[in-house]
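For reference, the chains in residue letters:
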Amino acid sequence: MAGAVLTAACGCGADAGEEREGRERAAVQRVLDRQASAVRSGKESGYLAAVDPREKGYRTAQRQVFANLRRLPLTEWSYTVGDVRHSGGKERGEGSSSPADGDVVADVRLRYKLRGDDHAPVSANERLAFAERGGKWYVSAELPGSDRQLWEEGKIGVVRGKHSLVLGADRGEGALRGLARDADRAVTDVERAWPRSWPRRVVVESPSSLRDMARLLNASASTYEGIAAVTTGEAGEHTDAPADRIVVNPEAYGELSGQGQQVVLTHETVHVASRTHTSAATPLWLSEGFADWVAYGSTDRKPKEVAAELVRAAGEDDLPRELPTDHDFRFGSDAEALGRAYESGWLACRLIEDEWGKDRLLGLYLRIGASQKRQDAAVEDAMQAELGLGRKEFTERWRSYVRKQLT
């Protein structure tokens, strides 16, 4: 009998905990639904009404966030609450005051869509703290582990080009217009080189510093030091996936010549265009080399001008004997080795164009990207089908080609 009573008591406790969690999740969802409605309707008072009045610093930051969101061409904005747990005041955001007794932490999925640029909503993960005060619930902090967004990094500027949308944080309008002009030209250049279907639009994000860029990408600043721009998005996503973001490092990008900046944006735009035909089977020497092949195709620069690191290696009789591995393309590694990897991939694609033609280069890319085999097997089969030789023979030809072009 005692055991039965104990079991019943434990069951009631579990039910009570689940009931409480359900009530808290529903309360948190209602708070965020009201805030999302305020974003869509453009009502600042409604947006801030959901923010904890005791968290002065957080309210000030959210006022700037709302002003930024008003500048974006949003067509969708919504939240979905996932796990909710009682924090006991242990997790607080920067600048937060003492916790309320009813504090909870929630994992939240934000979904938003930019008019004319996103073909499906973009998702982001947030960890938010909520407080119950006087029977009302408020969002009180954004916690570590949340995806960082450009609109949280300063005053947003928006410039729309013919084929681009450029978003900047604390950037001058002139700089953003220059990015839009170069992005528009990049789309036009890529459209000529990539005949497959793609959105033919790009979204460019320009944070104010390398540090802010790294925060957007959830990495350390050293990872992207010297990297002028990167493209977000997963290779091989379906065609209805949201647009990629080209994220510019204003420090490294600003050090480039006008032609260099154009090459960078065209390179990244190739990744936007080719993503749905790029897979785990696609080696980085091909995807990065192809992007450079398109980007340099509209310039008159010769191999000795482009491949500075390989020219240096040739002078030391230390040219690479193998095509670069995916590992060789890691950001944050040796800058000279990274340069050699990119230059090697570009020259491999240039070799294919010179000896087999542009159509075979494109065919090789598409065939490998569509393969269900492991990378080595996919590359071997595609080379045999498109070039009539295997990887070993191709590597020998590439080595001879590199030496001939650079010495």
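Residues numbered from 1 in each chain as written. Predicted model: local features only at pLDDT ≥ 70, side-chain atom pairs only at ≥ 80, totals over all residues. Heavy atoms only, no water.

Asks: I'm lost on the sheet that holds strand β8 (residues 229-231) in this one. Help?
Replies: Either a parallel or an antiparallel arrangement is found when strands of a sheet pair, and the pairing is made through backbone hydrogen bonds. Spatially, β5-β6-β7-β9-β8 is the arrangement adopted by the five strands of the open sheet, whose pairing is mixed. Across the chains shown, the open sheet's two edge strands, defined by having one partner strand only, are β5 (156-160) and β8. Direction aside, the axes of adjacent strands within the sheet are offset by 20 degrees on average. Alignment of β8 against strand β9 (residues 245-248), held across three bridges, turns out to be antiparallel. Across the sheet, Thr231 pairs through a bridge with Ile246, a residue of β9. Each of β5, β6 (164-169), β7 (202-206) and β9 touches helix α4 (residues 173-193); the most contacted strand, β6, lies at about 150 degrees to it. Packed on one face of the sheet, helix α7 (residues 258-274) meets β7, β8 and β9 and runs near 10 degrees to β8. (Pairing = 2+ DSSP bridges. Helix = DSSP H or I, 4+ residues; strand = E, 2+ residues; numbered from the N terminus. Axes fitted to C-alpha atoms, helices over the stretch in contact; angles between N-to-C directions. Contact = heavy atoms within 4.5 Å.)

Asks: Got a minute to help me understand the sheet that holds strand β2 (residues 104-114) in this structure?
Replies: Taken in spatial order, the four strands line up as β1-β2-β3-β4 in an open sheet, and their pairing is antiparallel. The open sheet has two free edges, formed respectively by β1 (74-86) and β4 (136-142), since each of these has just one partner strand. Pairwise comparison of adjacent strand axes, ignoring direction, gives a mean angle of 35 degrees for this sheet. Contacting β1 and β4, helix α3 (residues 56-71) crosses the sheet at an angle of about 85 degrees to β4.

Asks: Please clarify how the packing of aromatic side chains should be interpreted in this entry.
Replies: Each aromatic ring pair is specified by the distance between its two centres and by the angle formed by the two planes. What the rule picks out here adds up to 14 aromatic pairs. Plain terms: the ring middles of Tyr47 and Phe66 are 5.2 Å apart, the flat faces sit at 40 degrees to each other, and that makes the pair tilted. Remark: Phe66 occurs in helix α3 and Tyr47 occurs in helix α2 (residues 44-49); sequence separation between them is 19 residues. Assigned by exposure class, Tyr47 and Phe66 land together as buried. (Phe/Tyr/Trp six-rings, centres within 6.5 Å; stacked < 30°, edge-to-face > 60°. Buried < 20%, exposed > 50% of the residue type's maximum accessible area, 1.4 Å probe, protein only.)

Asks: Would you explain empty space enclosed by the protein in this entry?
Replies: Vacant regions in the atomic arrangement are exposed by a probe of water-molecule size rolled over the atoms. Per the counting criterion, the structure on display carries two cavities of 30 Å³ or more. Estimates place the volume of the largest cavity at around 130 Å³. Put simply, the parts of the chain that give the lining of the largest cavity at least two residues each are α3, β1, β3 (122-133) and β4. Residue contributions to the lining of the largest cavity peak at four residues, all from α3. A breakdown of the residues in the lining of the largest cavity according to their chemical character gives 10 nonpolar, two polar and three charged. Taken as a whole, the second largest cavity holds about 30 Å³ of empty space. (1 Å grid on protein atoms, 1.4 Å probe; cavity = no way out; pocket = protein on both sides within 12 Å on 5 of 7 lines; lining within 4 Å. Points joined across faces, edges and corners; volume = space filled by probe spheres on them. Nonpolar A, V, L, I, M, F, W, Y, C, P; charged D, E, K, R; others polar.)

Asks: Can you walk me through helix α11 (residues 335-356) in this structure?
Replies: One turn of an α-helix holds 3.6 residues; hence residues three or four places apart share an orientation. The end-to-end C-alpha distance of α11, which contains 22 residues, comes to 32 Å, matching closely the 32 Å that a straight helix rising 1.5 Å per residue would cover. If you check the start of α11, you find a side-chain oxygen 2.9 Å away from the backbone N of Glu336, and it comes from Asp334. (Expected span 1.5 Å × (residues − 1). Polar contact = N/O pair within 3.5 Å; in protein donor to acceptor, adjacent residues only side chain to side chain.)

Asks: Teacher, can you tell me more about the nonpolar core here?
Replies: Core analysis: the biggest nonpolar cluster contains 114 residues, and Trp77, Phe130, Trp151, Trp194, Phe290, Leu347 and Phe394 have the highest contact counts within it. Take this core: its biggest share by element is nine residues, from α11. Those residues in contact with Phe290 that lie beyond four places of it in its chain are Trp194, Val270, Cys349, Leu361, Leu362 and Tyr365. (Core = buried A, V, L, I, M, F, W, Y, C linked by side-chain atoms within 4.5 Å.)

Asks: In this structure, what is going on with the confidence of the model for the chain? I would like to understand it.
Replies: Close reading of the predicted structure is inappropriate where its pLDDT is low. On average, residues of the chain carry a pLDDT of 90, and 90% of them reach 70 or more. When the criterion is pLDDT under 50, residues 97-101 qualifies, and its contacts beyond four places in sequence or with other chains add up to 11 contacts. Contacts of residues 234-242 to residues separated by more than four positions or lying in other chains number 20 contacts, the stretch itself having pLDDT below 50. (pLDDT = per-residue confidence, 0-100.)

Asks: Help me out: how do you make sense of the environment of Ser208 in this one?
Replies: Within the secondary structure, Ser208 is located in the loop between β7 and α5 (210-216). Taking C-alpha positions, Ser208 is 9.7 Å from Gly172, a pair spaced 36 residues apart along the chain. The residues contacting Ser208, other than those within four sequence positions of it, are Ala169, Asp170, Arg171 and Pro250. Reaching out from Ser208, the side chain makes a polar contact with the side chain of Asp212 at a distance of 3.0 Å.

Asks: Can you walk me through the pattern of salt bridges in this structure?
Replies: Side chains that carry opposite charge are capable of pairing whenever their charged atoms lie near each other. Applying the stated criterion across every chain yields a total of 22 salt bridges. Residue Arg85 pairs with Asp107 through a salt bridge whose shortest N-O separation is 3.3 Å. Here Asp107 lies in strand β2 and Arg85 lies in strand β1, a separation of 22 residues in the sequence. The class for Asp107 is partly exposed, based on a relative accessible area of 25%. Ionic pairing is found between Glu191 and Arg200, a salt bridge with its closest N-O pair at 3.0 Å. (Salt bridge = Lys/Arg side-chain N within 4 Å of Asp/Glu carboxyl O.)

Asks: Help me understand the packing of α4 against α7, please; the structure alone is not making it clear to me.
Replies: Each pair of packed helices gets described by two things: the angle between the helix axes and the distance between those axes. Across the interface, α4 lies against α7 with an axial gap of 8 Å and an inter-helix angle of 55 degrees. Relative to α7, the element α4 lies oblique. α7 is crossed by α4, and the crossing has right-handed handedness. Counted together, Leu179, Asp182, Ala183, Arg185, Ala186, Val187, Asp189 and Val190 of α4 and Gln261, Gln262, Leu265, Thr266, Thr269, Val270 and Ala273 of α7 form the full contact between these two elements. Classifying every residue of the contact of α4 with α7 by side-chain character gives eight nonpolar, four polar and three charged. (Parallel < 35°, antiparallel > 145°, perpendicular 65-115°, else oblique. Left-handed = near helix turned anticlockwise from the far one by under 90°.)

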